[in-house]
Amino acid sequence: MTSQAAASAFNGNMKKALAGLKRINLEGLRWRVFDAKDQVLGRLASQISTVIQGKDKPTYAPYRDDGDMCIVLNAKDVRVTGRKMTDKFYRWHTGYIGHLKERSLKDQMAKDPTEVIRKAVLRMLPRNKLRDDRDRKLRIFPDSEHPFGDQPVEAYVMPPRKVREVRPRARRAMIRAQKKAEQQEQGGNDKRKGKKREVEADLTA
């Protein structure tokens, strides 16, 4: 399915990269490439889930699998906000009594960063019979290399991040807090000046 030249240039696990491709009807599908470098995990996963379900097409229907192939590169360079790198945990149970396992996001990134993006995308997909077929259309690679160089790949442009304006009530609260802090600083300075004047008066007396 892929050319020998592209396969020879790829240094990763070829068996894993090509697994399940024969079960996908590639006719009429586009190959979309996502660059995960310096992208926020949740925002990237939401865009991938939209494309992999075909929601960006006018022919979308919940019962049809019209999503495109999604190739995600540089999975090791994905970013998260806040303290999720140490506070977020993946938990699973082996089936034995007391065998509840957990792994932090930091450890999972060190072990296999591709699984972090895969879990984020799969948990955004509806849990129905199409979920496994959509999972096969998702190909994630830790570096910038992939074995699909002979396919007509298209770079996906991430939409600009929309920063919501501060609500009027929150803005007024911020202004009040700033004024209060300024008044406290001025009051502290006035007290210091008063003490300094008293000390000078005592010295002159």
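The structure we're discussing is the one just above.
Parameters at a glance
- Residues numbered from 1 in each chain as written.
- Predicted model: local features only at pLDDT ≥ 70, side-chain atom pairs only at ≥ 80, totals over all residues.
- Heavy atoms only, no water.
- Core = buried A, V, L, I, M, F, W, Y, C linked by side-chain atoms within 4.5 Å.
- Buried < 20%, exposed > 50% of the residue type's maximum accessible area, 1.4 Å probe, protein only.
- Helix = DSSP H or I, 4+ residues; strand = E, 2+ residues; numbered from the N terminus.
- Expected span 1.5 Å × (residues − 1).
- Contact = heavy atoms within 4.5 Å.
- Axes fitted to C-alpha atoms, helices over the stretch in contact; angles between N-to-C directions.
- Parallel < 35°, antiparallel > 145°, perpendicular 65-115°, else oblique.
- Left-handed = near helix turned anticlockwise from the far one by under 90°.
- Nonpolar A, V, L, I, M, F, W, Y, C, P; charged D, E, K, R; others polar.
- Pairing = 2+ DSSP bridges.

With respect to the nonpolar core
- Counting 25 residues, the largest nonpolar core has Phe34, Leu44, Ile48, Cys70, Val72, Ile117 and Leu138 as the members making the most contacts within it.
- Elements with a contribution of two residues or more to this core: helix H3 (41–53), strand S2 (69–73), helix H5 (105–111), helix H6 (113–122) and strand S5 (138–140).

Considerations on H3
- Look at H3: 18 Å from first C-alpha to last across 13 residues, which is about the 18 Å you get at 1.5 Å a residue.
- Listing the buried residues of H3 in full gives Leu41, Leu44, Ala45, Gln47, Ile48, Ser49, Val51, Ile52 and Gln53.
- Buried residues in H3 make contact with strand S1 (31–35), S2, H6, helix H7 (131–136) and S5.
- A positive phi of about 80° marks glycine 54, the residue just after H3.

Section: the packing of H3 against H6
- For the pair H3 and H6, interaxial distance at closest approach is 9 Å and the crossing angle is 60°. Our classification of the angle between H3 and H6 gives oblique. You can see that H3 and H6 cross each other, and the crossing is right-handed. Across from Leu41, Leu44, Ala45, Ile48 and Ser49 in H3, the residues of H6 making contact are Val116, Ile117, Ala120 and Val121.
- Here the residues of the contact of H3 with H6 sort into 8 nonpolar, 1 polar and no charged.

Notes on the sheet that holds S2
- Read from one edge of the open sheet, 4 strands run S5-S2-S1-S6, paired in parallel fashion. Each having just a single partner strand, S5 and strand S6 (153–155) make up the two edges of the open sheet. Strand-to-strand twist across the sheet, computed as the mean angle between neighbouring axes with direction ignored, equals 25°.
- Pairing between S1 and S6: 3 bridges, direction parallel. Residue pairing across strands places arginine 32 opposite glutamate 154, the latter belonging to S6.
- Lying on the sheet, H3 is in contact with S1, S2 and S5; it crosses S1 at an angle near 180°.
- Against the sheet, H6 engages S2 and S5, with an angle of about 155° to S5.

Points about unusual backbone geometry
- For aspartate 38, which is not glycine, the phi torsion reads 60° and is therefore positive.
- Looking at the secondary structure, you find aspartate 38 in the loop between S1 and H3.
- Residues other than glycine seldom take positive phi values, yet asparagine 74 does so here, at roughly 55°.
- Along the polypeptide, asparagine 74 turns up in the loop between S2 and helix H4 (84–87).
- Relative accessible area serves as the criterion here: at 12%, asparagine 74 is assigned to the buried category.

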